[in-house]
Amino acid sequence: MVGPMVDHVAGIQEQWRRERPDLDVSPLGTIARLHRLADDLRERLVATYADFGLGEGEFDVLATLRRQGEPFELAPGEIARCTMVTSGAASKRIDRLEADGLVERRRGSDDGRRRVITLTDAGRERIDAAFAAHVENEHRLLRALDADRRVALEELLRHWSQQRGL
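Given the structure is predicted, the values throughout are model-derived calculations rather than measurements. (Residues numbered from 1 in each chain as written. Predicted model: local features only at pLDDT ≥ 70, side-chain atom pairs only at ≥ 80, totals over all residues. Heavy atoms only, no water.)

### Concerning the overall build of the chain
Helix and strand counts for the chain stand at 7 helices and 3 strands. Across the chain, helices and strands are ordered from the amino to the carboxyl terminus as α-α-α-β-α-α-β-β-α-α. Seen along its three principal axes, the alpha-carbon backbone of the chain occupies a region of about 65 × 30 × 30 Å. Buried positions account for 26% of the 166 residues belonging to the chain. Total accessible area on the chain is roughly 11,400 Å²; 53% of this is exposed by carbon and sulfur atoms. Here the chain holds 27 positive side-chain charges and 30 negative ones, and the gap between their average locations is 3 Å. (Helix = DSSP H or I, 4+ residues; strand = E, 2+ residues; numbered from the N terminus. Buried < 20%, exposed > 50% of the residue type's maximum accessible area, 1.4 Å probe, protein only. Areas by Shrake-Rupley, 256 points an atom, 1.4 Å probe, with all protein chains shown as cover. Lys, Arg positive; Asp, Glu negative; His and termini not counted. Charge placed at Lys NZ, Arg CZ, Asp CG, Glu CD.)

### Things to note about helix α6 (residues 121–142)
Here α6 contains 22 residues, and its C-alpha end-to-end distance of 32 Å stays within 8% of the 32 Å for a straight helix at 1.5 Å per residue. At its buried positions, α6 is contacted by α2 (26–50), α3 (56–66) and β3 (115–119). (Expected span 1.5 Å × (residues − 1). Contact = heavy atoms within 4.5 Å.)

### What to know about the nonpolar core
Membership of the largest hydrophobic core comes to 21 residues, with the highest contact counts inside it found for L54, L62, L65, I79 and V103. Of all the secondary structure elements, the ones that give two or more residues to this core are α2, α3, α4 (76–83), α5 (87–99), β3 and α6. Top contributing element to this core by residue count: α3, with 5 residues. L54 has contacts with Y49, F59, L62, L97, L102, R126 and A130, leaving out every residue within four places of it along the chain. (Core = buried A, V, L, I, M, F, W, Y, C linked by side-chain atoms within 4.5 Å.)

### What about the pattern of salt bridges?
Under the counting rule described, the total for this entry stands at 16 salt bridges. Here D40 ties to R44 by a salt bridge, and the two come within 3.0 Å at their closest N and O atoms. Of the two residues, D40 and R44 are both situated in helix α2; the distance of 4 residues between them amounts to about one turn of the helix. Its relative accessible area of 44% is what places R44 among the partly exposed residues. In this structure, E136 engages R140 in a salt bridge whose closest nitrogen and oxygen atoms are separated by 3.7 Å. In this pair, E136 and R140 are both assigned in helix α6, 4 residues apart and thus about one turn of the helix distant. Relative accessible area serves as the criterion here: at 40%, R140 is assigned to the partly exposed category. Each of R66, E70, R124 and D128 takes part in salt bridges that share partners, so that together they form one network. (Salt bridge = Lys/Arg side-chain N within 4 Å of Asp/Glu carboxyl O.)

Below you can see the structure in the form of structure tokens.
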């Protein structure tokens, strides 16, 4: 049984060390904690998106369009690449957002032959409000870490991500 001062992951490590002393289970300390934190963070982020009637994917598409600047448009394939999903998944998200009046399909402002997805006024209002709440939520989630630890963690994660080619 895991004691009150030992977190769940440390307890699992202790059990594996006892059962498999031939293995170095130290990576579990990092990977399992990251996995648990990622699940918890995703749950808390998705709850904020839901406050604005958005799922994680819809938020991602709207945010991708919004951060492009005027005229807030991208081709469907570009949206898929930016949001790191298949074109089919992007298309489903776009369909839902279009049905809600948050995006529209039209000809590109720079090339009339090109088809693009663009934010509607309602879409821009929704993502501006949702993104402000999202950033506030992220600040709240990081309050457990002082400024120095936040900077150090970001640098560690950036380095690790770059090493992994992400």
